[in-house]
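In case you want the letters, here they are:
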Amino acid sequence: MFSLKNKKTVVTGGGSGIGRAIATLFAKQGAEVHIIDLSIESAQETLDEIKKAGGNAFSYACNVADQKEVVATFEKIGNINILINNAGIANVGKVDTTSETDFDRVMDVNVKGVYNCLFAAIPQFRLSNGGVIINMASIAAWVGIPDRFAYSTAKGAVMAMTLSVAKDYIGENIRCNSISPARVHTPFVDGFISKNYAGKEAEMFEKLSQSQPIGRMGKPDEIAALALYLCSDEAGFITGSDYPIDGGFIKLNN
């Protein structure tokens, strides 16, 4: 079950965290993995990890906010079977404390970046007679999270894009779903805490961990396992859905 043998897969933001976990698991399951990251060094680290384990992978430096760059990268990769839209950034602030610059920056990566990759991927899916798309949304699209105005706005857009794409391309054998994690312990989270809560890192880590009713943050491997199922042939009847993976955050935080 859950074989991805010879499935050509693109993972954006595959250089670290959830993206790296997805890339390495998919390669283990037989996929040919193409890792896209803003930093070629990060992408190369994931590439090295996959090849060390005997997998098949390639890496590319690409800014997902730049459509010409994205299209050129996808054309280089060619026909694909799976797209994981994982690249994203965060921002702290309410609507009146979020600068226009920060708002635009989050939209460029988290919304336009997803659009650019979808735009570039659809022609390549047609060459493969269909495929599967996973967009990384967030519980922030479901519930109000304090001080995350721009991020929540962007992830809400990602969820809406998922529904639109699923409906528009269902006749072309292209499935599209999204995953909405709660907080997942990644280098991204560690960097976010150190940047925004200097001197209170341990305290904030514990606070963020306990905000999930299950009492901890998620693990990148747990998100990767859900992505694997949704991209496998076993999930062939699933499209146009969002899957929270949140330690009970949405339903049990009363």
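Anything mentioned here points back to the structure above.
Visitor: I'd like a description of the pattern of salt bridges, backed by residues and values.
Guide: Working definition: two side chains of opposite charge can pair if their charged atoms are close together. In total, this model carries four salt bridges according to the counting rule given. Measuring nitrogen to oxygen at the nearest pair gives 3.0 Å for the salt bridge that ties Arg20 to Glu45. Of this pair, Arg20 sits in helix 1 (residues 17-28) while Glu45 sits in helix 2 (residues 40-52); the two residues are 25 residues apart in sequence, bridging distant segments of the chain. Using a relative accessible area of 47% as the deciding quantity, one classes Glu45 as partly exposed.

Visitor: Before we move on, can you summarise the packing of helix 3 (residues 67-77) against helix 4 (residues 100-127) with the specific residues and values?
Guide: When two helices pack together, their arrangement is given by the angle between the helix axes and by the axis-to-axis distance. Where helix 3 contacts helix 4, the axes come no closer than 9 Å and their chain directions differ by 30°. Comparing their axes, helix 4 and helix 3 come out roughly parallel. You can see that helix 3 and helix 4 cross each other, and the crossing is right-handed. Contacts between helix 3 and helix 4 involve Gln67, Val70, Val71, Phe74 and Glu75 from the former and Tyr115, Asn116, Cys117, Phe119, Ala120, Ala121 and Gln124 from the latter. Here the contact of helix 3 with helix 4 is composed, by residue class, of eight nonpolar, three polar and one charged.

Visitor: Break down unusual backbone geometry for me, citing the residues and quoting the values.
Guide: A negative phi holds for most residues other than glycine; trans holds for most peptide bonds. Although it is not a glycine, Asn6 adopts a positive phi angle of roughly 65°. Tracing the sequence through the fold places Asn6 in the segment before strand 1 (8-12). Here the phi dihedral of Asp147 falls at roughly 60°; this positive angle occurs in a residue that is not glycine. Tracing the backbone through its elements, the reader meets Asp147 in the loop between strand 5 (131-136) and helix 5 (149-169). Residue classification places Asp147 among the partly exposed residues on the basis of a relative accessible area of 33%.

Visitor: If you had to explain the pairing of strand 6 (residues 174-181) to someone new, which residues and values would you point to?
Guide: Across the eight residues of strand 6, eight count as buried, placing the element largely inside the fold. Going residue by residue along strand 6, you find Ile174, Cys176, Ser178 and Ser180 tucked away on one face and Arg175, Asn177, Ile179 and Pro181 tucked away on the opposite face as well. Pairing analysis gives six bridges linking strand 5 to strand 6, with the strands arranged parallel. If you follow Gly131 over to strand 6, its bridge partner there is Ile174. Handedness of the crossover is the feature at issue here: the chain leaves strand 5, passes through helix 5, returns alongside strand 6, and the resulting connection is right-handed. Pairing geometry for strand 6 and strand 7 (residues 242-245), over four bridges, is parallel. Bridging across to strand 7, Ser180 finds its partner in Pro244.

Visitor: Explain the packing of aromatic side chains to me, using residue names and the numbers behind them.
Guide: In this structure the tally under the stated criterion is four aromatic pairs. Relative to Phe149, the ring of Phe103 has its centre 6.0 Å away and its plane inclined at 25°; by these criteria the two rings are stacked. Pair noted here: Phe103 is in helix 4 and Phe149 is in helix 5, with a separation of 46 residues, a long-range link. The class for Phe103 is partly exposed, based on a relative accessible area of 26%.

Visitor: Tell me about the environment of Asp190, and please be specific about residues and values.
Guide: Tracing the backbone shows Asp190 in helix 6 (residues 187-196). Between the C-alpha atoms of Asp190 and Phe205, which are 15 residues apart in sequence, the distance is 8.2 Å. In this view, Asp190 contacts His185 and Phe205; residues no more than four positions away in its chain are not counted. Among the polar contacts made by the side chain of Asp190, one reaches the side chain of His185 at a distance of 3.0 Å.

Visitor: Which residues make up helix 4, and what values go with them?
Guide: Counted at 1.5 Å a residue, the expected span for helix 4 with its 28 residues is 40 Å, and the 40 Å between its end C-alpha atoms agrees. The axis of helix 4 is deflected most strongly, by about 40°, at Lys112. Taken from the residues just after helix 4, Asn129 is the one with a positive phi, measuring 60°.

Visitor: Tell me about the environment of Gln67, residues and numbers included.
Guide: Examined against the element boundaries, Gln67 turns out to sit in helix 3. On the basis of relative accessibility, which here comes to 25%, the residue Gln67 falls in the partly exposed class. Setting aside anything within four residues of it in sequence, one finds Gln67 in contact with Tyr115, Asn116 and Phe119.

Analysis parameters
- Residues numbered from 1 in each chain as written.
- Predicted model: local features only at pLDDT ≥ 70, side-chain atom pairs only at ≥ 80, totals over all residues.
- Heavy atoms only, no water.
- Salt bridge = Lys/Arg side-chain N within 4 Å of Asp/Glu carboxyl O.
- Helix = DSSP H or I, 4+ residues; strand = E, 2+ residues; numbered from the N terminus.
- Buried < 20%, exposed > 50% of the residue type's maximum accessible area, 1.4 Å probe, protein only.
- Axes fitted to C-alpha atoms, helices over the stretch in contact; angles between N-to-C directions.
- Parallel < 35°, antiparallel > 145°, perpendicular 65-115°, else oblique.
- Left-handed = near helix turned anticlockwise from the far one by under 90°.
- Contact = heavy atoms within 4.5 Å.
- Nonpolar A, V, L, I, M, F, W, Y, C, P; charged D, E, K, R; others polar.
- Pairing = 2+ DSSP bridges.
- Right-handed = clockwise from strand over helix to strand, strands pointing away.
- Phe/Tyr/Trp six-rings, centres within 6.5 Å; stacked < 30°, edge-to-face > 60°.
- Polar contact = N/O pair within 3.5 Å; in protein donor to acceptor, adjacent residues only side chain to side chain.
- Expected span 1.5 Å × (residues − 1).
- Bend = angle between axes of the 7 residues up to and from the residue.

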